[in-house]
Each structure stands twice: as C-alpha cells, then as structure tokens.
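One-letter residues, chain by chain:
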Amino acid sequence: MKIGTPKELLADEARVAMTPASALQIQKLGHTCLIESGAGTAAGFSDAAYADAGVTVVSSAKDLWNASNIVTKVRPPSSDETAQLRDGQTLISLFFPSENEDLLKVASNNGATVMAMDAVPRISRAQKMDVLSSMANIAGYRATIEAANNFGRFFTGQITAAGKVPPAKVLVIGAGVAGLAAIGTAQSLGAIVYAFDVRPEVAEQIESMGATFLFLEFEEDGGGEGGYAAPSSPEFREKQLACFREQAPEVDIVITTALIPGRPAPKLWLEDMVAAMKPGSVIVDLAAERGGNCDLTVMDKKIVSENGVTIVGYTDFPSRMAAQSSELFATNIRHLVSDLTPEKDGVIAHNMDDDVIRSATVTHNGAVTYPPPPLKTPAIAPPKPKPPEKTAEEIRAEEVEAARKAGMFQTGLLVAGGLLMGLIGLYAPANFMQHFIVFALSVFVGFQVIWNVSHALHTPLMAVTNAISGIIVLGALLQIGSSSTVVVVLAAISVLIATINVVGGFMVTRRMLQMFQRS
C-alpha cells in the first residue's frame, strides 16, 4: 500500500503526521511512503531527510491524494480534502466525528474509510496509539514553559548575597495527562506546586510527584467515562470555587486543564479570582479552544488584566514544539498502521472485530460506523464496592475470637510437640534427647522473643537474623563447657559473632528510629 502525508492546511499548524523515522518503520511493514514537498519543513524535517529515508517526495497535494491508498494527517480534513477521498481509500487523522457529521457523510458517500485518532479507546493495549495523551503530555509541559516565560521571576527559591527569592507557587487545576505533565515540569523547575482534581483517586499520583493535593471534604465521585472527569454537582462546584478563591491571592501561576471531550470548558477561574491575584501572576488556560476555564481567556491570544495578570489562551501548544509533537504523533499512527498490517506484507487487514480498530473507525464500506459499540473490555473497571465499616463492638469481638483461636493453636502445638518428644524418647538415646530438647527450646524461646517485639522496632531482615543469632548464642554457650579445645574455641567465636550481629542490629534500628524523631 502507498501511504502518503500531505502538508497541513491550517496556517499555524507546524506538525506533520509522518517523520523520516516513522517512515522507516512503516516501510518495514511492506508499505511505500509518500510525502508532499515541504510538509515537514515547519517541524524541522527537510525533503532531503525524507528522501534519505526512502520516502517519495510528491510535488503537489492533489498528486499525493491521487497516488495514496492511505492518507495520514494531523488536523481533521477540510471539506475540500474530504471531497477528494475515493472508494477504497483510507484516511487516518484527528477527526472529532461528533462535531463533523457533514464530513462523515461525505466520506461515507465516497466509499472511503476514515479512522479518527481521537477515537482510539483509552485502554492499556491502545496506549501506543493514544494521540490525545501524547499531545496532552506536550501541551502540559509547554504550558508550564509558557508560564515561566511570562512570569518574569524565578520558579525556584534562592538565597543570594543580594537577598532572598521565594519560590513560585503554581496551582494546576485538573490532573489528567496534561495536568500531570504540568505538575512534573513545575516541580522540576523548583516551584511549590498545588493541584486539584474532582477525582480524589488521583491524589496519590499528584502527591507522588511532590505536589500538594487540594482535597475537598465533600462526598462525590468525579470520575467519568474513559478516564475523564464527570460534570460536578452545583453543591460541589460551590465548594470547589470557594477553595479556588482561597488560593487566588497566594498562587503566582495557575494552569487550567479541565476539559471533557465534546463539552464546553467549565468555568473554574472566575473574574473575581483573577482580580484577587497578585500583579505579575500568570494564568495558562489549556481549555481555551472550548471557551476556556477562565472567565477572561481569549482564544489564541495573550492578554493582561486590569490588575496586571497575564492570561495565555493559546490553542497550539503541541504545534509550538512541532519536532517533538510530530515524532510522537507519527509514532502513534505508525503503531496503528502496524495493527492494520498484521502480516507485515503491505496488505491492510481492517479487522472490525478488534476493539481498537473498530472504535477508531468512523466510516467504512460506505457506512458511518460512529459511534462504536461498547468495548468488550471496559476502559476502566468499575470500582469495587466499599465494605461496610465495622463497629467497635464487632472489632473487639473479632480480636477476642482471633486471640482464642491463636491460643487454641498454640496449645495444640504444645500438646503435639510433647507427644512427639515422648515418642522420640522411647527409642532415641538419652544423649540425643538432651541436645534435641535444648534445640527445640532454643527455637521456641527465640521465636517468642522476636515475635513479641513491636514490628516498628526492627526490620523483617533483622528480626530473622536476630532469631537465628539467638539460637546460635544459646547453642554455643552450651558447648563452651566441652572438654575439647577446638569445640570451646569455635563456640566462643560463635558467641562473639552472633552477639555482634544482635547488638549491631539493634543499633541500626535505634539510628533508624532517630531519623523520625523531632529534635
């Protein structure tokens, strides 16, 4: 098959859907690659670089569309590009089918297959094709860089001869892929980072990155379909806005990422919050394309409020890092092409029984196939129901029952051990029985001593080694009275080494506990 990539028509779009590196991998699948002349120039990929990778450079977009069996793009096709699609041809690009119903009808009427990269399901197996995540990752990183560029001060705190510089305080609203990327970048730059999300389960991810999660005392599950947040209730929203109003005078930078696909962006940073911020503060609104999370956001513009707060509403953050974005986007498409070419023979096998391929396919064989049926395996497993909380009486009853069972078990062991000793004593010589009883008692005493020490006082490794060392000390002390000089020397060495191990273990434990004590 011939796979071609035209130049993007949108004026500010610098990305390209095929790079020289991805073309090399696609050719290993048995396909032939074509590129429109100049398609990769804005991303830093020259026609010569494509030619060196074995890609045929085509002079015009029309020739490329006519020559290609599969066309790969970044942005959704224009109406003119959609009209060029023909029977049996496949288009792979962002498409946003729920917003482009007219284009869906044109493509299906032309008999073309359209695969929307934005419709790839968010399941583990499809992560390698998840364009939305890879682009959101770049957007979150770039948003922090844009904020730093407009902030005009250090992110990290410093103490110099000229004075003390406090660290910047950054608030990230929304902890999806973009939000986590923004948190990681701000944290690495030395800022104090706070983050908020309506899904309390992401608190662990936020805190693992060194940020502080702003937790609301409100019982509401904010999780939605496909890993996105669900719309909040009016009561939760009021609690949320109150939290943001409290933070507004304190933070220097706000990065908003709250957006649910197919919906207008929720208004989370209101005009009065902007007015409460310090002059020189910065707001970067990653939801600007959908109206913005901030009241004052202007799409594709950077404005300054009356009180000196800079509000960035750019919608092309991935395109501002075109080389990196193109590499990731092209890799996502290459993985999809690989799944479409299971035999690596250059022949497309469009398996509509495959969850990923079926979900991404929005038109096929002259029919509109969007929306897809529910996934056989849900993207996110339903949460397990929480067990009912036990009362104090129930907990106490369980502890008593557990202690009773433990006592019965130990009594049974003692009885069984006594019977075993008696049975062995009937047949074993007296000298053997004396040593065997000492050994059994050593094991029992060592076990009881270690078992009754609080777990916080030693590591599991030290517990085991001290138990073994205790047995060695006891056994060696019994052998020191031997008439053999060699046995006495070896027993003394054993006592010395085992004692060092025991004492050293407790010294290490003491040092570890001191680390957690306040001076």
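All figures in this text were calculated on a predicted structure; none of them were measured in a lab. (Residues numbered from 1 in each chain as written. Predicted model: local features only at pLDDT ≥ 70, side-chain atom pairs only at ≥ 80, totals over all residues. Heavy atoms only, no water.)

1. A few points about the sheet that holds strand E11 (residues 212-213)
Turning to step 1, where the next piece is worked out: The seven strands lie next to each other as E11-E10-E9-E12-E13-E15-E14, forming an open sheet whose pairing is mixed. With one partner strand each, in any of the chains shown, E11 and strand E14 (302-304) form the two edges of the open sheet.
Turning to step 2, where the next piece is worked out: Two elements, strand E10 (residues 192-196) and E11, share two bridges in a ladder whose sense is parallel. In the strand pairing of E11, Ala195 is matched with Phe213. (Pairing = 2+ DSSP bridges. Helix = DSSP H or I, 4+ residues; strand = E, 2+ residues; numbered from the N terminus.)

2. What about the sheet that holds strand E3 (residues 56-58)?
Note: strands within a sheet are paired through backbone hydrogen bonds, in either parallel or antiparallel orientation.
Turning to step 1, where the next piece is worked out: Pairing within the open sheet is mixed, and its eight strands lie in the order E3-E2-E1-E4-E5-E6-E16-E17. Bordering the open sheet on either side are E3 and strand E17 (367-368), each of which pairs with just one other strand.
Turning to step 2, where the next piece is worked out: Sheet topology note: the strand E1 (residues 2-5)/strand E2 (residues 32-36) ladder contains four bridges and is parallel. Its bridge partner lying in E2, Lys2 is registered against Thr32.
Turning to step 3, where the next piece is worked out: Contacts from helix H5 (residues 101-109) reach strand E6 (113-116), strand E16 (361-364) and E17, with the element oriented near 40 degrees to E16. (Contact = heavy atoms within 4.5 Å. Axes fitted to C-alpha atoms, helices over the stretch in contact; angles between N-to-C directions.)

3. Description of the packing of aromatic side chains
Turning to step 1, where the next piece is worked out: Using the criterion set out here, one finds seven aromatic pairs in the structure.
Turning to step 2, where the next piece is worked out: With 6.2 Å between their ring centres and 85 degrees between their planes, Phe151 and Phe155 make a pair best called edge-to-face. Each member of the pair, Phe151 as well as Phe155, carries the same accessibility label: buried.
Turning to step 3, where the next piece is worked out: Pairing Phe196 with Phe236 gives two aromatic rings, centres 6.5 Å apart and planes at 35 degrees, and the pair type is tilted. Within this pair, whereas Phe196 is found in strand E10, its partner Phe236 is found in helix H9 (residues 234-247), the two being separated by 40 residues in sequence. Note on accessibility: Phe196 and Phe236 belong to one class, buried.
Turning to step 4, where the next piece is worked out: Of the aromatic side chains, those joined through ring pairs into one cluster are Phe196, Phe236, Phe244 and Trp269. (Phe/Tyr/Trp six-rings, centres within 6.5 Å; stacked < 30°, edge-to-face > 60°. Buried < 20%, exposed > 50% of the residue type's maximum accessible area, 1.4 Å probe, protein only.)

Coordinates in, geometry out; function isn't part of it.
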